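So the chains spell out like this:
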Amino acid sequence: MNNNIVLIGMPGCGKSTCGVLLAKALLMDFTDTDLIIQKVEGEPLQEIINKKGGGYFTSLEEKTVCNTEFINTVIATGGSVVYSKKAMEHLGENSTVVYLKISYDTMVERISNIKTRGIVLQNGETLREMFNKRENLYEKFADIIIDCDFSDIEKTVLEIINAIKK
């Protein structure tokens, strides 16, 4: 029985915002793995990445996800969680994984705070390179793909609910 809903996708796709509304609509708990990491580390994501590096961050993200049990929860993940097969397998064990898909242009439009947002760019890669790499991983791990490019939050939440009920 899949009793959790895991939201994955690019920065700016709406994982956290949709997650809260989805949890309310379905009478589920909500958690954001980025917030768990910030609480454990005691600093914002970007500070962790700047001080300790992207490798440290993705390792911490994997450890945090794999050491947390979720029950009847909508889980908004960090965009880089898909770099860890182990974390995604853990999340997928009793969850429906929903990929909130947006285009590169939409992502760039939505993330005005790129320097402080906490985006892991590996080995000096560009935002475009990160997008291309992650897009394939999101599709690989997704049970459901929802196109969010031209959709508002309420419509996206409704589409997720309808897709899960099918």
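Refer to the structure printed above.
To start, this report covers the structure provided alongside it. (Residues numbered from 1 in each chain as written. Predicted model: local features only at pLDDT ≥ 70, side-chain atom pairs only at ≥ 80, totals over all residues. Heavy atoms only, no water.)

The next subject is the overall build of the protein. A tally of helices and strands in the protein yields 8 helices and 5 strands. Going from N to C terminus, the protein has its helices and strands arranged as β-α-β-α-α-α-β-α-β-α-α-β-α. Computed over its C-alpha atoms, the radius of gyration of the protein comes to 15 Å, within 12% of the 15 Å expected for a compact globule of 166 residues. Taken over the C-alpha atoms alone, the protein extends approximately 40 × 35 × 25 Å along its principal axes. (Helix = DSSP H or I, 4+ residues; strand = E, 2+ residues; numbered from the N terminus. Rg over C-alpha atoms; globule rule 2.2 N^0.38 Å.)

On to the pattern of salt bridges. Scanning the entire structure with this criterion turns up 5 salt bridges. Between Glu41 and Lys52 there is a salt bridge; the shortest N-O distance is 3.1 Å. Of the two residues, Glu41 sits in helix α2 (residues 33-41) while Lys52 sits in helix α3 (residues 45-52), which places them 11 residues apart along the sequence. Residue Lys52 is classed as partly exposed on the basis of its relative accessible area of 43%. (Salt bridge = Lys/Arg side-chain N within 4 Å of Asp/Glu carboxyl O. Buried < 20%, exposed > 50% of the residue type's maximum accessible area, 1.4 Å probe, protein only.)

For the rest of this paragraph, the subject is the sheet that holds strand β1 (residues 4-8). Taken together, 5 strands build an open sheet; the order of strands is β2-β3-β1-β4-β5 and the sheet is parallel. Each end of this open sheet is capped by a strand with a single partner; those strands are β2 (29-32) and β5 (144-147). Neighbouring strand axes in the sheet, compared pairwise and without regard to direction, differ in orientation by 20° on average. The pairing of strand β4 (residues 95-101) with β5 spans 4 bridges and is parallel. Bridging from a neighbouring strand, Tyr99 pairs with Ile145 of β5. Running at roughly 145° to β4, helix α7 (residues 127-141) makes contact with β1, β4 and β5 of the sheet. Along the sheet, helix α8 (residues 153-165) contacts β1, β4 and β5; its crossing angle with β5, the most-contacted strand, is approximately 155°. (Pairing = 2+ DSSP bridges. Axes fitted to C-alpha atoms, helices over the stretch in contact; angles between N-to-C directions. Contact = heavy atoms within 4.5 Å.)

Take Asp152: it is sitting in the loop between β5 and α8. Through-space distance from the C-alpha of Asp152 to that of Ile71 is 28 Å; in sequence the pair is 81 residues apart. Of the polar contacts made by the side chain of Asp152, one reaches the backbone nitrogen of Glu154; its length is 3.3 Å. A polar contact is formed between the side chain of Asp152 and the backbone nitrogen of Lys155, at a distance of 2.8 Å. (Polar contact = N/O pair within 3.5 Å; in protein donor to acceptor, adjacent residues only side chain to side chain.)

On to the pairing of β1, then. Burial runs high along β1: 5 of the 5 residues are buried. Residues Asn4, Val6 and Ile8 of β1 are buried on one face, and the alternating residues Ile5 and Leu7, pointing to the opposite face, are buried as well. Judged from the 5 bridges that link them, β1 and β4 form a sheet pairing that is parallel. Each bridged residue has a counterpart across the sheet, and for Val6 the counterpart in β4 is Val97. Bridge count for β1 against strand β3 (residues 73-76) is 3 bridges, and the pairing is parallel. Bridge pairing in β3 places Leu7 opposite Ala76.

If you trace the backbone, Ser151 turns up in the loop between β5 and α8. Judged by its relative accessible area of 12%, Ser151 falls in the buried class. Among the polar contacts made by the side chain of Ser151, one reaches the side chain of Thr156 at a distance of 3.1 Å. When sequence neighbours within four positions are dropped, the list of residues in contact with Ser151 reads Arg110, Thr156 and Glu159.

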